[in-house]
Amino acid sequence: MPVQLQHSGYSAEKLQSLTESLPCREAQASTLLALMGEPDQYSYPSIFIYGHRASGKSYVTLRVLKELELPHAAVSCVECVSPGLLFEQVLLSLFGHTAASSLPRCPSLSDFVRLYKQLCSQNPAKQTRYIVLDRAELLRDMEVNLLPGFLRLQELVDDNVTVILLSEIVWDKFRPNTGLFEPLLLHFPDYTKAELQKILARDSHPSYPQELYSFYINILLGVFYSVCRDLRELRHLAALNFPKFCEPLENGEAKESDTHKLWRNIEPHLKKAMQTVYLREISSVQWEQQQEMMEKEAMAPKGLSAYTHVELPYYSKFLLIAAYLASYNPARTDRRFFLKHHGKMKKTNFLKKHEKTSNHLLGPKPFPLDRLLAIFYSVVDSRVAPTASVFSQISSLVTLQLLTLVGHDDQLDSPKYKCAVSLDFICAISRTVSFDIVRYLYDFL
Amino acid sequence: MSKRKSRETHMTSGECVSQVQRILRERFCHQGLPEKPVGLDSQYKHLLELLKRTAVHGESNSILIVGPRGTGKTMLLSCVLRELMDINEVQKNLLQVYLNGLLQTDDRIALREITRQLNLENVVGDKVFGSFAENLGFLLEALRKGDRGSSQPVLFVLDEFDLFAHHKNQTLLYNLLDVSQSAQAPVAVVGLTCRLDVLELLEKRVKSRFSHRQILVASSLTFGQYLDNVRSQLSLPQDFPDARFGQEWNDSVAKLCEDKSVEEILQKQFNSSKDFRSLHLLLLLALSRVNVSSPTLRAVDLLEASRLCTVDAKANMLHGLSILELCLIISMKHLNDIYDGEPFNFQMVHNEYKKFIQRKSNSVHNYEKPVILKAFEHLLQLELIKLVDGSSSKTQREYQLVRLLLDHGQIMEALQRYPQCPTDVKQWAVSSLA
Ligand SMILES: Nc1ncnc2c1ncn2[C@@H]1O[C@H](COP(=O)(O)OP(=O)(O)OP(=O)(O)O)[C@@H](O)[C@H]1O
Ligand SMILES: [Mg+2]
């Protein structure tokens, strides 16, 4: 049963239609309305609403303000590259075009407040004006006076105005050490699985029954809920994969009641989508095309490594391998790995390992050029001696960001490098030149 | 008697509640001035005396009002000015210039604002001045040309005073304070700041021109006075249109303040901070629960308001994490224990997680590494973990060092509250070997 919103000062009809457009967020809308009070009463100078991405912060706030026709300005801080743009949008929404255009070029907060004061003395607020700042965490990176200024805007302009800030970051991370006007904090909790189910199921496809779509959403949540609770992302995934779900129905392989069959068809597909679409490895369009291709060629589904594929010259591959070894093996073990006749080295001495110091946990270590070259000549040895310019190949690896230069400015003569590729990647590269890299890695002995 | 009779009006309970909201919101949201500042009598007298000397006798002066946020610095000044402006002569004569460190972020902007507020834009016109001092001198001189031959007293209010100390060479402060000492014109400079160490921010030449008068606004209220204040803050004025409703409301407020649970809440609030602004926030939250269907303020309303004020925001956010993200947090907790709070990287977190999955393969799905990395990055975005040396570092993402910004207690509490948390995961959180 949806809660009926009841707030004096607002028309019951509008509240009714508001309730209908805010499934699973009636309680939040109601709290917000209670805090706002009647349209002409004062509300708290600043309200900070926080909650996870896609938990309905902007949606609820804006629906409430729009549906109830309250004077407001909604600005996303992502779009405001300069404070000037922000001021302009606020004045534009609250006071119209001429107002916004009377801002000077590169306006300061002082200009904004002065103009605002002037405008509202001509046109005093009969109802609370609201300024909604979405992605408010970005205000922290703009001029330092902006955030504290907006928080106490009511005091600064002496108008009935309330600033609502929206963010997915907790308020504690906003507070500078000299403190500021503390806003009222309001939390939007995450949707439960049942609520997500309810909201997503509302998008059902016109040519299929509601129950079927609901069943599909249930499967989708079964796969994705444990990694992703972002409604927007889930909705996107749902729309994208629905045609695949319907396939057996379309070509008559299954009936709507064959739930098990439908499930068997879609589940592996969704799991695959998690590896690609969810990670943005490929775009949704690519994903659709690829699905078509795969059906035509009846290819076995490929894993991740299929996409991480870079074409490199033969010797560059060995250089990269050498760099990887230099980054992840301790220098003292080079003799053991790369010297043909390395004499006696006590095995116990050599294998001094603690899990704590595993190099694959700590990340690549920088190495000097000569060590790289020594390893390179040793791994490439019996094969054709390199004639190509090793140095230019190294610099192109740096350009490709497979290697990074870590040398300090004051040590120009002895640059150091780090290898910047993953184990999976280097294994794939090694395979293409038939080099068994794992045998040469200290961590895997 | 007859007065009361004639005023008797009847309003519906909806109208009454609406009226209550209007009156009380004016107090809690709009910082309506109180009749008299509570517990600041000596400060009030001191400031009033001082400003009177400028406004009436034309003496120059400077003073700082210092106190923590929301303790009533601005309010104190406004109340004093309200009384001062009741003096006819003052009202006619005194000029006021309000500057705020948040707004006038450099001296050029400040000067323009001063000119504007003194209504001297036309007098200044296109004139170009060699220095700030020259410009300010010109403005003060222009005021002297008033009808009485002597110059009008000017009150300069500098809110967020400490921010002006960051202006280049502290030119504005230097010049204003200089004027306030040199008797060029009757000027009072009043600075408001929440920094108790504000004098240390001033350059020597600026400091030496300051009178070193300070008013400390720090509440010395006892809990009894605080409670009295809550009662009067919630009470309706005598002239409330529906006298009967007003009386009932005030009675119920009085009773509310005697309630044991309410007293406990207020005691807690009082202990954490005595400032009025946070009290107003608490009272507003309670007030917002008053409506036609529950037209009085009840103890539960305050209870709920206090709960909202003290809720741990991070715990709220942890509640909404995916189970994978939660598992990563637990991994990090263990790493914190192992490495004694030293920073760690994704690879180590992943390793901890993998060890858990290998032991308890059926409690959480084994995701591919990129999926886990995405979860890790989400935690970074939420600022639950933080990169040790900024995001610009050249290191691969997997190896960038991070720190966990949650403590043991927060994590354990989050696990208790987490919906349908697998038992294995809970046990793992307690012991990395479970
Ligand atoms: N002693 C007091 N008596 C009555 N009301 C008070 C008192 N102290 C503070 N208030 C009220 O508390 C609110 C906050 O006070 P005010 O804005 O003056 O704080 P402030 O010290 O200027 O804070 P900031 O440093 O953030 O500017 C106001 O609504 C004010 O009316
Ligand atoms: Mg103040």
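Keep in mind the model is a prediction, meaning the values are calculated, not measured.

Enquirer: How should the sheet that holds strand β1 (residues 61-66) of chain B be read in this particular structure?
Expert: Through backbone hydrogen bonds, the strands of a sheet pair up, either in parallel or in antiparallel fashion. Residue and element names in this part refer to chain B. Strand order in the open sheet formed by five strands is β2-β3-β4-β1-β5, and the pairing between neighbours is parallel. Of all strands in the sheet, those with a lone pairing partner are β2 (95-100) and β5 (214-216), marking the two edges. For this sheet, the mean inter-axis angle between neighbouring strands, taken without regard to orientation, is 15°. Here β2 runs beside strand β3 (residues 154-159); their pairing, made up of six bridges, is parallel. Bridge pairing in β3 links Gln96 to Leu155. Packed onto the sheet, helix α10 (residues 171-182) meets β1, β2, β3 and β4 (187-193) and runs at close to 135° relative to β4.

Enquirer: Teacher, can you tell me more about the site of ligand 1 here?
Expert: In the region of ligand 1, 17 residues are neighbours, and Arg152(A), Val38(B), Lys73(B), Thr74(B) and Met75(B) sit closest. Per-site note: the chains with residues close to ligand 1 are chains A and B. Separating an oxygen atom of ligand 1 from a backbone N or O atom of Met75(B) is a distance of 2.8 Å. A distance of 3.0 Å separates an oxygen atom of ligand 1 from a polar side-chain atom of Arg277(B). Within the complex, the protein chains bury 97% of what would otherwise be the 630 Å² of accessible surface of ligand 1.

Enquirer: Would you take a moment to explain the interface of chain A and chain B for this structure?
Expert: A common measure of how large an interface is: the accessible area buried when the components associate. With 70 residues of chain A at the contact, the number on the chain B side is 64 residues. Buried surface at the junction of chain A and chain B, both sides included, amounts to about 5800 Å², of which 54% is carbon and sulfur. Considering only the side of chain A, the residues that lose the most area to chain B are Tyr42(A), His52(A) and Leu361(A), jointly responsible for 11% of the buried surface there. Here chain A and chain B share five salt bridges between them. Along the contact surface separating chain A from chain B lie 31 residue pairs in polar contact (both at pLDDT 80 or more). A total of five residues in the side of chain A that touches chain B trace back to one element, the largest contributor, which is helix α6 (residues 109-122) of chain A.

Enquirer: Could you clarify how one ought to interpret helix α1 (residues 12-21) of chain A in this entry?
Expert: An α-helical turn contains 3.6 residues, so any two residues separated by three or four positions project in the same direction. All names here are of chain A. When α1 is considered as a whole, its buried residues turn out to be Leu15, Leu18, Thr19 and Ser21. Down the axis of α1, the buried set is contained in an arc of 165°. They therefore lie on one face. Counted as exposed and oriented over 90 degrees from the buried face of α1: Glu13 and Glu20. On its buried face, α1 is in contact with α2 (26-36) and α3 (57-67).

Enquirer: Looking at this structure, I do not really get the packing of helix α14 (residues 260-272) of chain B against helix α15 (residues 276-287) of chain B. What am I missing?
Expert: Think of two packed helices as two axes; the pair is described by the angle between the axes and how far apart they sit. Residue and element names in this part refer to chain B. Interaxial distance between α14 and α15 falls to 10 Å at its minimum, and their mutual angle equals 150°. The hand of the α14/α15 crossing is right-handed. Side by side, α14 and α15 meet where Ile265, Leu266 and Gln269 of the first sit next to Ser278, Leu279 and Leu282 of the second. Partitioned by chemical class, the residues of the contact of α14 with α15 number four nonpolar, two polar and no charged.

Enquirer: What should I look at first to understand the domain arrangement of chain B in this one?
Expert: For chain B, the assigned domains read domain 1 (2-11 + 228-309), domain 2 (41-216) and domain 3 (315-430). Between domain 1 of chain B and domain 3 of chain B, the C-alpha centre-to-centre distance is 45 Å.

Enquirer: How should I be thinking about the pairing of strand β8 (residues 416-419) of chain A in this particular structure?
Expert: Consecutive residues of a regular strand have side chains that alternate between opposite faces of the sheet. Residue and element names in this part refer to chain A. Two elements, strand β6 (residues 367-368) and β8, share two bridges in a ladder whose sense is antiparallel. Across the sheet, residue Pro368 finds its bridge partner in β8, namely Lys416. One ladder, built from three bridges, connects strand β7 (residues 403-405) with β8; its direction is antiparallel. Across the sheet, Leu403 pairs through a bridge with Cys419, a residue of β8.

Enquirer: Is there a simple way to think about the packing of aromatic side chains in this case?
Expert: The description of an aromatic ring pair uses the distance of the two centres, along with the angle that the planes make with each other. Inspection of the entire model under this criterion finds 33 aromatic pairs over all chains. Ring geometry for Tyr208(A) against Phe242(A): centres 5.6 Å apart, planes inclined by 90°, an arrangement best described as edge-to-face. Taken together, the positions of Tyr208(A) in the loop between α9 (193-201) and α10 (210-224) and Phe242(A) in helix α11 (residues 231-250) put the pair 34 residues apart, joining distant regions of the chain. Accessibility expressed as a relative area gives 15% for Tyr208(A), which makes it buried. On the accessibility criterion, Phe242(A) (5% relative accessible area) is buried. Relative to Phe318(A), the ring of Tyr314(A) has its centre 5.3 Å away and its plane inclined at 70°; by these criteria the two rings are edge-to-face. Note that Tyr314(A) and Phe318(A) are positioned in helix α14 (residues 314-328) at a spacing of four residues, about one turn of the helix. Among the aromatic residues, those joined into a cluster by ring pairs are Tyr208(A), Tyr213(A), Phe215(A), Tyr216(A), Phe242(A) and Phe245(A). Above the plane of the ring of Phe174(A) lies Arg140(A), whose end atom (NZ or CZ) is 4.9 Å from the centre. Positioned over the ring face of Tyr44(B) is Lys36(B), at 5.3 Å from the centre of the ring.

Enquirer: How do you make sense of the pattern of salt bridges when you look at a structure like this?
Expert: Side chains that carry opposite charge are capable of pairing whenever their charged atoms lie near each other. This model, assessed by the stated rule, comprises 35 salt bridges over all chains. With a closest N to O distance of 3.4 Å, Glu69(A) and Lys14(A) form a salt bridge. In this pair, Glu69(A) sits in the loop between α3 and β2 (72-76) while Lys14(A) sits in helix α1, placing the two residues 55 residues apart along the sequence. For Lys14(A), a relative accessible area of 29% gives the class partly exposed. Among the salt bridges present, the one from Arg69(B) reaches Glu160(B), with a minimum N-O distance of 3.1 Å.

Enquirer: Would you take a moment to explain the nonpolar core for this structure?
Expert: Nonpolar side chains in soluble globular proteins generally cluster together in the buried interior. Residue and element names in this part refer to chain A. Core analysis: the biggest nonpolar cluster contains 187 residues, and Phe112, Leu133 and Phe224 have the highest contact counts within it. Beyond its immediate stretch of four places on either side in the chain, Phe112 contacts Phe87, Val90, Leu91, Leu103, Phe150 and Leu153. Among the nonpolar cores identified, the runner-up in size contains 40 residues, and Leu372, Val379, Ile426 and Tyr442 belong to it.

Calculation notes
Within each chain, residue numbers correspond to sequence positions counted from 1 in written order. Note on labels: chains are lettered from A, ligands numbered from 1, in written order. Local features in this predicted model are restricted to residues of pLDDT 70 or higher, and side-chain atom pairs are both shown and tallied only at a pLDDT of 80 or more, whereas totals for entire chains, interfaces and linings draw on every residue. Side-chain measures were taken over the full set of non-hydrogen atoms in the model, leaving aside hydrogen atoms and water. Each pair of strands is called paired provided DSSP finds at least two bridges between the two strands. Here a strand is any run of E in DSSP of at least two residues, a helix any run of H or I of at least four, and the numbering for each starts at the N terminus. As a rule, the C-alpha atoms of each element are fitted with a line to give its axis, helices using only the stretch in contact, and angles between N-to-C directions run from 0 to 180 degrees. Only heavy atoms enter the contact rule, under which two residues are in contact if any of them lie within 4.5 Å. The criterion for a residue being near a molecule or strand is simple. One of its heavy atoms has to lie within 4 Å of it. Any N or O atom pair separated by 3.5 Å or less is treated as a polar contact, with the protein-specific requirement of one donor-capable and one acceptor-capable atom, and with residues adjacent in sequence counted only for side-chain atom pairs. All accessibility values rest on the Shrake-Rupley procedure with a 1.4 Å probe; residue burial counts only the protein chains present in the view. By buried area we mean the combined loss of accessible area, with a 1.4 Å probe, across both parts when two parts are placed together. The term salt bridge refers to a side-chain nitrogen of Lys or Arg lying within 4 Å of a carboxyl oxygen of Asp or Glu. Note on exposure labels: buried denotes an accessible area under 20% of the residue type's maximum, exposed denotes more than 50%, and partly exposed covers the range between, all computed with a 1.4 Å probe on protein chains only. Here the arc refers to the set of directions running from the helix axis out to each C-beta atom. Crossings are sorted by hand: turned counterclockwise from the far helix by less than a right angle, the near helix makes the crossing left-handed, and turned clockwise it makes it right-handed. Under this grouping Gly is polar, as are all residues other than the nonpolar Ala, Val, Leu, Ile, Met, Phe, Trp, Tyr, Cys and Pro and the charged Asp, Glu, Lys and Arg. The domain limits used here are those given by an automatic or database domain assignment. In this scheme Phe, Tyr and Trp rings, the latter by its six-membered ring, pair at centre separations within 6.5 Å, and the angle between planes marks the pair as stacked below 30 degrees, edge-to-face above 60, and tilted otherwise. Distance and angle both matter: a charge sits over a ring if NZ of Lys or CZ of Arg is within 6 Å of the ring centre and within 35 degrees of the ring normal. The set of buried Ala, Val, Leu, Ile, Met, Phe, Trp, Tyr and Cys residues whose side-chain atoms join them within 4.5 Å is what this entry labels a nonpolar core.

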